[in-house]
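The chain contents come next:
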Amino acid sequence: QVQLVESGGGLVQAGGSLRLSCAASGRIFGINDMAWHRQAPGKQRELVATITSGGRTNYGDSVKGRFTISRDNAKNTVYLQSNDLKPEDTAVYYCKATGYFRDYRKIDDYWGQGTQVTVSS
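Residues numbered from 1 in each chain as written. Predicted model: local features only at pLDDT ≥ 70, side-chain atom pairs only at ≥ 80, totals over all residues. Heavy atoms only, no water.

K.L.:
Help me get a handle on the sheet that holds strand β1 (residues 3–7), residues and values and all.
P.N.:
Through backbone hydrogen bonds, the strands of a sheet pair up, either in parallel or in antiparallel fashion. The sheet built from 4 strands is open, its strands ordered β1-β3-β8-β7 with antiparallel pairing. With partners counted over all chains shown, the strands left at the sheet margins are β1 and β7 (67–72), one partner each. On average, each strand axis in the sheet is tilted by 15 degrees relative to the strand beside it, whichever way the strands run. Taken together, the 5 bridges between β1 and strand β3 (residues 18–25) define a ladder with antiparallel strand orientation. Paired with E6 across the two strands is C22, which belongs to β3. (Pairing = 2+ DSSP bridges. Helix = DSSP H or I, 4+ residues; strand = E, 2+ residues; numbered from the N terminus. Axes fitted to C-alpha atoms, helices over the stretch in contact; angles between N-to-C directions.)

Dropping the structure here:
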């Protein structure tokens, strides 16, 4: 019922850019925080960026200055503009939304299925 649909992943050469999108749909009463995480083979999930409903952002050290997270509250959509991509950015990128879904009294987390980003050298 509630789902996060991601788009924009793919293969890019080092130094290039990608813009990832993630749209939440379904029975949504409100989303507080949205975030991007990533997981490379053999590694734990890593925080990429977070953004609050008010637009306050935080970034992982490895992407500061290169990535920008933004959101459109009216569309329940979060974006990740990824510039100057490096091979070490290669990972599956996951969208996360925290808020009120299905039950307006309870805060829940929802995750997207993930989208592959591959950066070639």
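K.L.:
Give a detailed account of the state of the cysteines, specifying residues and quantitative values.
P.N.:
Tallied over the entire structure, the rule returns 1 disulfide. Each sulfur of the disulfide joining C22 and C95 lies 2.1 Å from the other. Handedness here is read from the sign of the S-S torsion; for C22 and C95, about -85 degrees, the answer is left-handed. You can see C22 sitting in strand β3 and its partner C95 sitting in strand β9 (residues 91–101), a full 73 residues away along the chain. The pair formed by C22 and C95 is uniform in burial state, with each residue classed as buried. (Disulfide = S-S within 2.5 Å. Buried < 20%, exposed > 50% of the residue type's maximum accessible area, 1.4 Å probe, protein only.)

K.L.:
Lay out the side chain of K96 with the relevant residues and their values.
P.N.:
Looking at the secondary structure, you find K96 in strand β9. Beyond its immediate stretch of four places on either side in the chain, K96 contacts L4, D33, M34, A35, H37, D109, Y110 and W111. (Contact = heavy atoms within 4.5 Å.)

K.L.:
Give me the lowdown on unusual backbone geometry, citing residues and values where you can.
P.N.:
Here the phi dihedral of N76 falls at roughly 50 degrees; this positive angle occurs in a residue that is not glycine. Note that N76 resides in the loop between β7 and β8 (77–82). In the Ramachandran plot, D84 falls in the positive-phi region, its phi being about 50 degrees despite a non-glycine side chain. Inspection of the secondary structure puts D84 in the loop between β8 and β9. Taking relative accessible area as the criterion, D84 reaches 39% and is therefore assigned partly exposed.

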